[in-house]
Amino acid sequence: MDMRHLRSFVAVAEELSFSRAAERLHMSQPPLSQHIKSLEEEMGVTLLARTRREVRLTDAGAVFLQESRVLLGQLRVAINATVRTAQSDAGVLRLGVATSALFGVMPRFLDLMRTTFPHVDVSVSDMQSKDQVIAVAQGTLDIGIVHVQPDRMKLHHMPIFSEPLAAVLPEGHRLADSTDFSLSDLAIEPMIALSREHGPAVFDAVVASCIDAGFSPEFKHMARNPLIIFQMVRLGFGVSVVPLSYAHSAFPGLCFRELRPTEGRVRMEAIWSDKRASALTLQVTKRILPQLTESLQQAVAP
């Protein structure tokens, strides 16, 4: 049984005439009759009662007509969706995102996608950068937005953002309103860090920035994600240094102090695999990512 046989049956069942159905399908009657015969033999039922004067549906034929219309309708939907996806104006883009990108990068990315590809659904997964590299290489993600990774498993990559750091202080902290705040002011403060296991790029950037500022950070507490850091800071466990985009979290009871541009940054990039990339993915890398990079650069320009 194939779709040609279903179309032939539906045409005859709706026209109740082999000659009109053959004309509708732009074919001759003999192969049309053979299609119907093959269907009936395969299922072991009579679908159409034929006489010299008329063609009518049997009870079984009426049921099969209803179900055949459903199947052909589903086929049309599948074909249309596939064609639209191949033309890169519809489908689903599976996007991996490092947590800090959810605050600053994602709003701009989604605005660009809605404007350029309004019929594309973006499925977002918050994932560690190293896990995104594996997922993109295996084809379970289309694009990843990651902190720069030294080992990208031969994936394509594009720098999109160099993000400054910020200190996180509890409200009322002695440095919250300091007029000449710098990273070195935190040298004597107990500090909370995003653990290297859960954020190696951020952890390394913070340590490097502190060392450049003249001190070795004393991490009293480790956290698995930004929300834990914020709660620890609010409870008075210490202070922290995080990507500036976290300041958009609106977490209560905190004060964010942007560090000087020379006091450290975290670099982000987009990654994808040409070997596994769909037409949609390639269009996004060519049309959206350059616009995203430009938009982010303008946002942080002095």
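As the structure is a prediction and not an experimental result, all values here were calculated from the model.

Colleague: I'm lost on the overall build of the protein in this one. Help?
Modeller: Across its full length, the protein carries nine helices and eleven strands. Relative to a compact globule of 302 residues, whose C-alpha radius of gyration would be 19 Å, the protein shows 31 Å and is clearly more extended. When the backbone C-alpha atoms are referred to their principal axes, the protein occupies close to 100 × 35 × 30 Å. The 302 residues of the protein split such that 43% are buried. Considering only contacts within the protein whose residues lie at least 6 apart along the sequence, 72% involve residues at least 24 apart. The positive charge centre, built from 31 side chains, and the negative charge centre, built from 32, are 7 Å apart in the protein.

Colleague: In this structure, what is going on with the UniProt feature "domain: HTH lysR-type" (unreviewed entry) in the protein? I would like to understand it.
Modeller: As annotated in UniProt, the feature "domain: HTH lysR-type" (unreviewed entry) corresponds to residues 1-58 in the numbering used here. End-to-end, the C-alpha atoms of residues 1-58 are 19 Å apart, and along that stretch the chain is 62% helix and 10% strand.

Colleague: Which parts of the structure should I look at to understand helix α1 (residues 3-15)?
Modeller: Every α-helix carries 3.6 residues per turn, so stepping three or four residues along brings you back to the same face. Taking 1.5 Å of rise per residue, the 13 residues of α1 would be expected to cover 18 Å, and the 18 Å separating its terminal C-alpha atoms lies within 8% of that figure. All buried positions along α1 are accounted for by His5, Leu6, Ser8, Phe9, Val10, Ala11, Val12 and Ala13. Among the residues of α1, the N-terminal cap falls to Asp2, whose side-chain oxygen and the backbone nitrogen of Arg4 are separated by 3.1 Å. Just downstream of α1, Leu16 is the residue with a positive phi angle, here 50°.

Colleague: Would you mind going over the packing of helix α2 (residues 18-25) against helix α3 (residues 29-43) with me for this structure?
Modeller: To describe two helices that pack against each other, one gives the angle between their axes and the distance between the axes. Relative to each other, α2 and α3 sit at 105°, their axes nearing to 9 Å. Classified by the angle between their axes, α2 and α3 sit roughly perpendicular to one another. Seen from α2, the contacting residues are Phe18, Ser19, Ala21, Ala22 and Leu25; seen from α3, they are Gln29, Leu32, Ser33 and Ile36. Residue classes in the contact of α2 with α3 are distributed as six nonpolar, three polar and no charged.

Colleague: Before we go on, may I ask you to explain the packing of aromatic side chains in this structure?
Modeller: Any two aromatic rings considered together are summarised by their centre-to-centre distance and by the angle between their planes. If you walk through the whole model with that rule in mind, you get six aromatic pairs. Here the aromatic rings of Phe230 and Phe251 are separated by 5.4 Å at their centres, their planes lie at 55°, and the arrangement is tilted. Placement of Phe230 in helix α8 (residues 226-234) and of Phe251 in the loop between β9 (239-243) and β10 (254-258) is noted, with a sequence separation of 21 residues between them. Judged by its relative accessible area of 0%, Phe230 is buried.

Colleague: Teacher, can you tell me more about the packing of α1 against α2 here?
Modeller: At a closest axis distance of 8 Å, the pairing of α1 and α2 adopts a crossing angle of 130°. Between α1 and α2, the crossing angle belongs to the class labelled oblique. Judged by the twist between their axes, the crossing of α1 over α2 is right-handed. Packed against α1, whose contacting residues are Arg7, Ser8, Val10, Ala11, Val12, Glu14 and Glu15, the element α2 presents Phe18, Arg20, Ala21, Arg24 and Leu25 at the interface. Across the contact of α1 with α2, the residue classes tally to six nonpolar, one polar and five charged.

Colleague: Any chance you could explain the side chain of Ser209 here in plain terms?
Modeller: Inspection of the secondary structure puts Ser209 in helix α7 (residues 200-212). Among the polar contacts listed, one links the side chain of Ser209 to the backbone oxygen of Ala205, at a separation of 2.8 Å. Sequence-distant contacts of Ser209, defined by excluding residues within four places in its chain, comprise Leu165, Leu183, Glu263 and Gly264.

Colleague: Would you explain the pairing of strand β5 (residues 143-147) in this entry?
Modeller: Taken residue by residue, a regular strand's side chains alternate between the two faces of the sheet. Among the five residues of β5, five are classified as buried, and the element is accordingly described as predominantly covered. Summarising the sheet, β5 and strand β11 (residues 265-272) pair through five bridges and their orientation is antiparallel. When the bridges of β11 are listed, His147 appears paired with Met268.

Rules behind the numbers
Residues numbered from 1 in each chain as written. Predicted model: local features only at pLDDT ≥ 70, side-chain atom pairs only at ≥ 80, totals over all residues. Heavy atoms only, no water. Helix = DSSP H or I, 4+ residues; strand = E, 2+ residues; numbered from the N terminus. Rg over C-alpha atoms; globule rule 2.2 N^0.38 Å. Buried < 20%, exposed > 50% of the residue type's maximum accessible area, 1.4 Å probe, protein only. Contact = heavy atoms within 4.5 Å. Lys, Arg positive; Asp, Glu negative; His and termini not counted. Charge placed at Lys NZ, Arg CZ, Asp CG, Glu CD. UniProt positions renumbered as here; feature names shortened; annotations may be inferred. Expected span 1.5 Å × (residues − 1). Polar contact = N/O pair within 3.5 Å; in protein donor to acceptor, adjacent residues only side chain to side chain. Axes fitted to C-alpha atoms, helices over the stretch in contact; angles between N-to-C directions. Parallel < 35°, antiparallel > 145°, perpendicular 65-115°, else oblique. Nonpolar A, V, L, I, M, F, W, Y, C, P; charged D, E, K, R; others polar. Phe/Tyr/Trp six-rings, centres within 6.5 Å; stacked < 30°, edge-to-face > 60°. Left-handed = near helix turned anticlockwise from the far one by under 90°. Pairing = 2+ DSSP bridges.

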